[in-house]
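For reference, the chains in residue letters:
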Amino acid sequence: MGSISSTSPSVVRAENTPYFTPANNAGAAVNPEDPSTPTLFRPLRIRDVTLKNRIIVSPMCMYSAEPNPSSPFIGALTDYQLTHLGQFALKGAGLVFVEALAVQANGRISPNDAGLWQEGTESEQFKGLRRVVQFAHSQGAKVAVQLAHAGRKASVSAPWLAVQLGRHNVRADESVFGWPNNVVGPSGGHEHIWDPEEDRYWTPRALSTAEIKEMVQSFAKSAALAVEAGVDVIEIHAAHGYLLNQFLSPVTNKRTDGYGGSFENRVRIVRETAAAVRAAIPEGTPLFLRISVTEWLEGQPVAAESGSWDVESSLRLVKILPELGIDLVDVSSAGNHKSQKIEVHPGYQVDLAGQLRKAIREAGASTLVGGVGLITDAEQAQGIVQGADEAQQAEGIVSGPEPKADVVFLARQFLREPEWVITTAKKLGVKVTLPAQFWRAL
């Protein structure tokens, strides 16, 4: 299952932590250059960051932050997130995503969401993030943050409340620290409620041009703070029906100014956000973009007049990603309208990733692609990325069909099985390093 890579029995203390912990590096292949090492466990360099394997923990909202705006701990990561995310770093994930961090207070999905809108390094939001990063780094994992704004899907209660009430969703009003009068979107009015069913979502108001510019800068400020906290990778969230996705789609964007109408106008906000973030972070810091490749609204009445955001739209978008400084497109889907019709099956989003990756490579671009969605077992994950290392392909080491993605993102499977990286290595016959504290179990 594992192997100790050190030639000395001594344990090295991890750097940059205010407490003692061994400098671990679980999940790294003992012989990564061996031609027999599966691509899933081969390192991947993106700008100045090298991932020890191709396995990424997707951002998962935990709805477990302080909601009270009068508290200095509002939106800050706590010991819960340290424990939750730390276990994935401890057990071998190459890159661990912190849950979506709102770039503005009204950009949270729920009052219990985490954020990074407070300025300065003395804020509790900054200190909570830095603490998670320090521990993850001590375990040999890289850390990413997903920067987000929920747009018209904001100010709802934590999901477990809805479950208790037998609902899909419940609005959060002022009594539970919600902001019903400050829910925003590209367009406003009752017709732009995500779902007009009573008590599910608030009516959004349309953002002014000045507010759009301010929001773009909020992404940049949060990105700069994240890097200062030690974060290795930044991702811009433009999927799942949240604010940037709402601007991209003609279904939800009915603006008549420079941010609405044509494809070029609707993608303007992504262009500006990516440019602002790229300018705010070091050149060596990788920048990812998560998109919903399709809204799954083809043939639905809501898309009959204006069309929808579909695969063809995404294929147009990925062509401009290199000029925006985007290093990887994180391929998801859906979430922007209640009329979506999805045929869910294992790999349904991975197939979409494969389409985009093929188009990117045929265009001569090197933008990486991440596959996500119902990835659960070792052979499935390995099959998605096998051959993704171009050096292996050039040397003729790997043959067969083109990979569908360069990395895999897993979320719920890590909730079920935090040690998934270690068990996957065992199933694939890969010797990997383990935490020093686990050596007795070998």
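Residues numbered from 1 in each chain as written. Predicted model: local features only at pLDDT ≥ 70, side-chain atom pairs only at ≥ 80, totals over all residues. Heavy atoms only, no water.

**Q** I'd like a description of helix H1 (residues 79-90), backed by residues and values.
**A** In this model H1 runs 15 Å from its N-terminal to its C-terminal C-alpha over twelve residues, within 8% of the 16 Å that 1.5 Å per residue would give. Buried residues along H1 sit against strand E3 (55-57), strand E4 (95-102), helix H2 (124-138) and helix H14 (412-416). Looking one or two residues past H1, glycine 92 carries a phi angle of roughly 110°, positive in sign. (Helix = DSSP H or I, 4+ residues; strand = E, 2+ residues; numbered from the N terminus. Expected span 1.5 Å × (residues − 1). Contact = heavy atoms within 4.5 Å.)

**Q** Can you break down the nonpolar core residue by residue, with the values?
**A** Grouped together as the largest cluster of nonpolar side chains are 94 residues, with contacts concentrated most on Leu129 and Ile234. When residues of this core are assigned to their parent elements, the largest contribution, eight residues, is made by helix H4 (residues 209-228). The contacts of isoleucine 234, once residues within four sequence positions are left out, are Val145, Leu147, Ala223, Ala226, Val227, Val277, Ile281, Thr285, Pro286, Leu287 and Phe288. Leu51, Val233, Phe288 and Leu368 belong to the second largest nonpolar core, which has 15 residues in total. (Core = buried A, V, L, I, M, F, W, Y, C linked by side-chain atoms within 4.5 Å. Buried < 20%, exposed > 50% of the residue type's maximum accessible area, 1.4 Å probe, protein only.)

**Q** Could you give an account of the pattern of salt bridges, with specific residues and numbers?
**A** Under the counting rule described, the total for this entry stands at 18 salt bridges. Among the salt bridges present, the one from arginine 47 reaches aspartate 327, with a minimum N-O distance of 2.8 Å. Pair noted here: arginine 47 is in the loop between strand E1 (44-46) and strand E2 (49-51) and aspartate 327 is in the loop between helix H10 (321-324) and strand E10 (328-332), with a separation of 280 residues, a long-range link. Judged by its relative accessible area of 13%, aspartate 327 falls in the buried class. The shortest N-O distance in the salt bridge between arginine 255 and aspartate 257 comes to 2.7 Å. A relative accessible area of 12% places arginine 255 in the buried class. The structure contains a network of salt bridges with shared partners spanning Arg357, Arg361, Glu402 and Asp406. (Salt bridge = Lys/Arg side-chain N within 4 Å of Asp/Glu carboxyl O.)

**Q** Residues and numbers for H2, please.
**A** Helix length check: H2, at 15 residues, gives a terminal C-alpha distance of 21 Å against a target of 21 Å (1.5 Å per residue), a fit within 8%. For H2, the elements touching its buried residues are H1, E4, strand E5 (142-148) and H4. Of the residues trailing H2, glycine 140 is marked for its positive phi of about 85°.

**Q** Explain the packing of helix H9 (residues 311-318) against helix H11 (residues 348-362) residue by residue, including any values.
**A** Each packed pair of helices is defined by two parameters, the angle between the axes and the distance between the axes. Interhelical geometry of H9 versus H11 gives an angle of 40° and a closest axis separation of 10 Å. Between H9 and H11, the angle is such that the two are oblique. In the packing of H9 onto H11, the handedness of the crossing is right-handed. Taken together, the residues of H11 that come into contact with H9 (itself represented by Val311, Ser314, Leu315 and Val318) are Leu352, Gln355, Leu356, Ala359 and Ile360. When its residues are assigned to classes, the contact of H9 with H11 shows seven nonpolar, two polar and no charged. (Axes fitted to C-alpha atoms, helices over the stretch in contact; angles between N-to-C directions. Parallel < 35°, antiparallel > 145°, perpendicular 65-115°, else oblique. Left-handed = near helix turned anticlockwise from the far one by under 90°. Nonpolar A, V, L, I, M, F, W, Y, C, P; charged D, E, K, R; others polar.)

**Q** Provide a residue-level description of the packing of aromatic side chains, including the pertinent values.
**A** For any pair of aromatic rings, the description consists of the separation of the ring centres together with the inter-plane angle of the planes. Scanning all chains against the criterion turns up eight aromatic pairs. On the basis of an interplanar angle of 45° and a centroid distance of 5.3 Å, the ring pair of tryptophan 194 and tyrosine 201 is categorised as tilted. With centroids separated by 5.8 Å and ring planes inclined at 10°, the aromatic side chains of phenylalanine 263 and tryptophan 309 adopt a geometry described as stacked. Here the residue phenylalanine 263 occupies a position in helix H6 (residues 263-266), and tryptophan 309 occupies one in the loop between helix H8 (301-304) and H9, the gap between them amounting to 46 residues. Like tryptophan 309, phenylalanine 263 is buried. Three or more aromatic residues joined by ring pairs form one cluster here, namely Phe88, Phe414 and Trp420. It is lysine 153 that lies over the ring of tyrosine 242; its NZ or CZ is 4.9 Å from the centre. In this structure, arginine 316 packs its charged tip against the face of phenylalanine 263, placed 3.9 Å from the ring centre. (Phe/Tyr/Trp six-rings, centres within 6.5 Å; stacked < 30°, edge-to-face > 60°. Lys NZ or Arg CZ within 6 Å of the ring centre and 35° of its normal.)

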